[in-house]
Amino acid sequence: MSTLPNCPKCSSEYTYEDGTMYVCPECAHEWGKDAAAESADNNRVVRDAYGNVLNDGDTVTVIKDLKIKGSSAVVKVGTKARNIRLVEGDHDIDCKIDGIGAMQLKSEFVKKA
Ligand SMILES: [Zn+2]
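Residues numbered from 1 in each chain as written. Predicted model: local features only at pLDDT ≥ 70, side-chain atom pairs only at ≥ 80, totals over all residues. Heavy atoms only, no water.

For the zinc ion, every protein donor is listed as Cys7 (SG), Cys10 (SG), Cys24 (SG) and Cys27 (SG), and the spread of their distances is 2.2 to 2.4 Å. Donor residues for the zinc ion, ordered by position in the chain, follow C-x2-C-x13-C-x2-C. A residue pair is termed long-range when its members are at least 10 positions apart, and cysteine 7 in the segment before β1 (16-18) and cysteine 24 in the loop between β2 (21-23) and β3 (30-32) qualify at 17 residues. Here the two residues cysteine 7 and cysteine 24 agree in accessibility, since each one is buried. (Donors = N, O, S within 2.8 Å, 3.2 Å for Na, K, Ca; no water. Helix = DSSP H or I, 4+ residues; strand = E, 2+ residues; numbered from the N terminus. Buried < 20%, exposed > 50% of the residue type's maximum accessible area, 1.4 Å probe, protein only.)

Set out below in structure tokens:
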């Protein structure tokens, strides 16, 4: 049996293989085996709404009121998200917002602070 990688999102050890994907049962994150192998030196560039390159650890400001799925809370324009983490997908920024908690944002709706 091969050693499975920890979940890149929540670091869970309880990942399992599903076809060509790895799956994390704790946060429901799925990622491709190929992507996992390449992630060390991927040079994908994520830019904010104004074309500034974003990096892990940056602070960004939300430039548009954003409704949070499944809740009545709204992230207001000007809200700061600190220590972002770039991730794959439609919502390509993982972050924590004071008073709201962990959430994902789209890079097109933020500005580098
Ligand atoms: Zn996970």
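Judged by nonpolar contacts, the single largest core of 15 residues is most densely connected at Cys95 and Leu105. For this core, the elements supplying multiple residues, two or more each, are β6 (60-62), β9 (80-86), β10 (93-97) and β11 (101-105). Apart from residues no more than four positions distant in its own chain, leucine 105 is found in contact with Val62, Leu66, Ala81, His91, Asp92, Ile93, Cys95 and Val110. (Core = buried A, V, L, I, M, F, W, Y, C linked by side-chain atoms within 4.5 Å. Contact = heavy atoms within 4.5 Å.)

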